[in-house]
Amino acid sequence: MIGTLSKKDFWVKQAKNIGTIILVSIPFTYISCPNCFKSPKYVWWALGINALCWIILWKGNTFVADFTDKHYSWIKYPVKRLLVSIFGHTAYTCVAIVCIFYVMEEFFDISMGNIWTTITYSIVFTMLISLVLYSVSFLKSWRELAVESERMKKEVISSKYESLKNQVNPHFLFNSLNALTNLVYEDQDQAAKFIKKLSDVYRYVLESRDKDLVQLEMELKFAESYLFLQKIRYGDSLMVAEQTMKAQGFKIPPLSIQMLLENAIKHNIISDDEPLQIELSQDDGYFFVINNLQKKNIIKSDSSEMGLANIKARYSFFTEKPVIIDDSNHKFTVGLPLLK
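Everything quoted here is computed from the prediction, not taken from an experiment. (Residues numbered from 1 in each chain as written. Predicted model: local features only at pLDDT ≥ 70, side-chain atom pairs only at ≥ 80, totals over all residues. Heavy atoms only, no water.)

A. A look at the overall build of the protein. When its secondary structure is counted, the protein shows nine helices and seven strands. In the protein, which comprises 340 residues, the proportion classed as buried is 37%. Considering only residue pairs separated by 6 or more positions, the protein has 71% of its internal contacts joining residues 24 or more positions apart. (Helix = DSSP H or I, 4+ residues; strand = E, 2+ residues; numbered from the N terminus. Buried < 20%, exposed > 50% of the residue type's maximum accessible area, 1.4 Å probe, protein only. Contact = heavy atoms within 4.5 Å.)

B. Representation of the environment of Ser176 within the structure. Inspection of the secondary structure assignment puts Ser176 in helix H5 (residues 170-186). For the pair formed by Ser176 and Gln230, sequence separation is 54 residues and the distance between their alpha carbons is 8.1 Å. With near-sequence residues (within four places) excluded, Ser176 lies in contact with Phe194 and Leu198.

C. Representation of a negative patch on the surface within the structure. Together, Asp236, Asp272, Asp273 and Glu274 make up a region of like negative charge exposed at the surface. Note that Asp273 resides in the loop between helix H8 (256-267) and strand S4 (276-283). For Asp273, a relative accessible area of 74% translates into the label exposed. (Patch = residues over 30% accessible without salt bridge, like charges linked within 9 Å, V, L, I, M, F, W, Y side chains within 5 Å. Areas by Shrake-Rupley, 256 points an atom, 1.4 Å probe, with all protein chains shown as cover. Salt bridge = Lys/Arg side-chain N within 4 Å of Asp/Glu carboxyl O. Lys, Arg positive; Asp, Glu negative; His and termini not counted. Charge placed at Lys NZ, Arg CZ, Asp CG, Glu CD.)

D. Region of interest: the confidence of the model for the protein. Within the protein, residue pLDDT values average 78, and 78% of them lie at 70 or more. The spread of mean pLDDT over the elements of the protein runs between helix H1 (residues 7-32), the lowest at 68, and strand S5 (residues 286-292), the highest at 94. (pLDDT = per-residue confidence, 0-100.)

E. How the structure looks around the sheet that holds strand S2 (residues 238-242). Read from one edge to the other, the open sheet built from five strands follows the order S2-S4-S5-S7-S6, with strand pairing classed as mixed. A strand with exactly one partner marks an edge of an open sheet, and here the two such strands are S2 and strand S6 (324-326). Along the sheet, successive strands turn relative to each other by an average axial angle of 10°, direction set aside. Relative to strand S7 (residues 331-337), S6 runs antiparallel, the two being bridged by three bridges. Paired with Ile325 across the bridge in S7 is Val334. Along the sheet, helix H7 (residues 216-234) contacts S2, S4 and S5; its crossing angle with S2, the most-contacted strand, is approximately 155°. Against the sheet, H8 makes contact with S2, S4, S5 and S7, and its axis sits at roughly 155° relative to S4, the strand it touches most. (Pairing = 2+ DSSP bridges. Axes fitted to C-alpha atoms, helices over the stretch in contact; angles between N-to-C directions.)

F. Molecular detail of a nonpolar patch on the surface. On the surface, Phe138, Leu139 and Trp142 cluster together into a nonpolar patch covering about 340 Å² of accessible area. The topology assignment puts Leu139 in helix H4 (residues 115-168).

G. Representation of H8 within the structure. Taking 1.5 Å per residue as the helical rise, H8 with its twelve residues ought to reach 16 Å, and the 17 Å between its terminal C-alpha atoms agrees with that figure. The buried fraction of H8 amounts to eleven of the twelve residues, a majority that puts the element mostly inside the structure. Taken residue by residue, H8 has Ser256, Ile257, Gln258, Met259, Leu260, Leu261, Glu262, Asn263, Ala264, Ile265 and His267 as its buried positions. (Expected span 1.5 Å × (residues − 1).)

H. Inspection of the side chain of Arg314 at higher detail. Within the element layout of this structure, Arg314 appears in helix H9 (residues 303-316). Within the buried core, Arg314 has no salt-bridge partner, and the shortest N-O distance to an opposite charge, that of Glu219, equals 7.1 Å. A polar contact is formed between the side chain of Arg314 and the backbone oxygen of Pro254, at a distance of 2.5 Å. (Polar contact = N/O pair within 3.5 Å; in protein donor to acceptor, adjacent residues only side chain to side chain.)

I. Inspection of the nonpolar core at higher detail. If you look at the biggest cluster of nonpolar residues, it comprises 46 residues, and the most contacted ones within it are Leu216, Ile257, Leu261, Ile278, Phe287 and Leu336. Mapped by element, the contributors of at least two residues to this core are H5, helix H6 (188-208), H7, H8, S4, S5, H9 and S7. If one sorts the elements of this core by residue count, H7 sits on top with nine residues. In this structure Leu261 touches Ala223, Tyr226, Leu227, Ile278, Leu280 and Val289, once residues within four positions along its chain are discounted. Ranked by size, the runner-up nonpolar core spans five residues in total, among them Leu57, Ala96, Ile97 and Ile119. (Core = buried A, V, L, I, M, F, W, Y, C linked by side-chain atoms within 4.5 Å.)

J. Broad picture of the packing of H6 against H7. Close contact between H6 and H7 brings their axes to 9 Å; oriented N to C, the two are set at 135°. Considering the angle they form, H6 stands oblique to H7. When the axes of H6 and H7 are compared, the crossing they make is left-handed. Taking contact as the criterion, the partners of Gln190, Lys193, Phe194, Lys197, Leu198, Asp200, Val201, Tyr204 and Val205 in H6 are, on H7, Met218, Glu219, Phe222, Glu224, Ser225, Tyr226, Phe228, Leu229 and Ile232. Its residues assigned to classes, the contact of H6 with H7 comprises eleven nonpolar, two polar and five charged. (Parallel < 35°, antiparallel > 145°, perpendicular 65-115°, else oblique. Left-handed = near helix turned anticlockwise from the far one by under 90°. Nonpolar A, V, L, I, M, F, W, Y, C, P; charged D, E, K, R; others polar.)

K. Expanded view of the pattern of salt bridges. Considering all chains together, one arrives at two salt bridges under this definition. Notably, a salt bridge pairs Asp200 with Lys196, separated by 3.1 Å at the nearest N-O pair. Of the two residues, Asp200 and Lys196 both sit in helix H6, four residues apart, roughly one turn of that helix. Across the pair Arg203 and Asp200 runs a salt bridge, and its minimum N-O distance is 2.9 Å. Within this pair, Arg203 and its partner Asp200 are both found in helix H6, separated by three residues, close to a single helical turn.

L. Just the pairing of S7, in detail. Taken across its seven residues, S7 has five buried, putting it largely inside the fold. Linkage of S6 to S7, two consecutive antiparallel strands, is achieved through a turn of four residues, within which Asn329 is found at a positive phi near 55°.

As structure tokens, this is what we get:
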């Protein structure tokens, strides 16, 4: 196999390409040397030499096009891509024509005519063909980007919906109200604070559901309210350590930290004998949520993996930096890139 083609298909494709090049070279031969067609002796020489020139030019410029395709995207670097393409094709065409002229006149004693006329015609034809090929390439890139953008929008919307659904689901509300019921009789001041934090959680969910990114400070305040409600429920069995952070100037997809906290609480044992320890930290442009692993003996659920997949999909829409996921050393670590 050569690439995705079998050896036979590869050579058939190459033969078709060379046949196309030879057909294209015929009118160019007539334009550059109309008198050659008056003599059968010279017409085959002229056709052969021009066909060889076109093969050299075509294949070389194909290499230039492949190089620019690999290193410069139409979407990310359109101006640089255009300038590199123009310079590359022009430079290669000029060098190739000069070399062909030198070889033909020096070794075969064949006059190739006016070199500047040939270079001009070659550059014009090369640019015209390249314009067609690059137009097709640009349209394909544009279409792929449009399809990818639409797919990412759907994934972001789906992720937002999942986050919102997880926050306002009946289980979360039931558990919160149940904890509040017990708290009212034990500590009315704490109960009032609990109600305030619960309202803050739902207010933030409603305010951020239509946003792609939010300030890290706002997300941390929301996470603080969420953790307050959970710590009332679990007491000292839930331990949270938070390092000093520089949140100003950074953004993050809404509800992403909460989703990681919820997964840690949902999928790990939380008891007096086995407290769940969660650490929030910031380092090297990432926000980390780390918890000790003590998984519950329950049937494996896809909810955690779906949540992480949604977070990664949302981040891929804004940055090329990956979401870090690591479950070694009896800890589960997720690193979220901080966006500026």
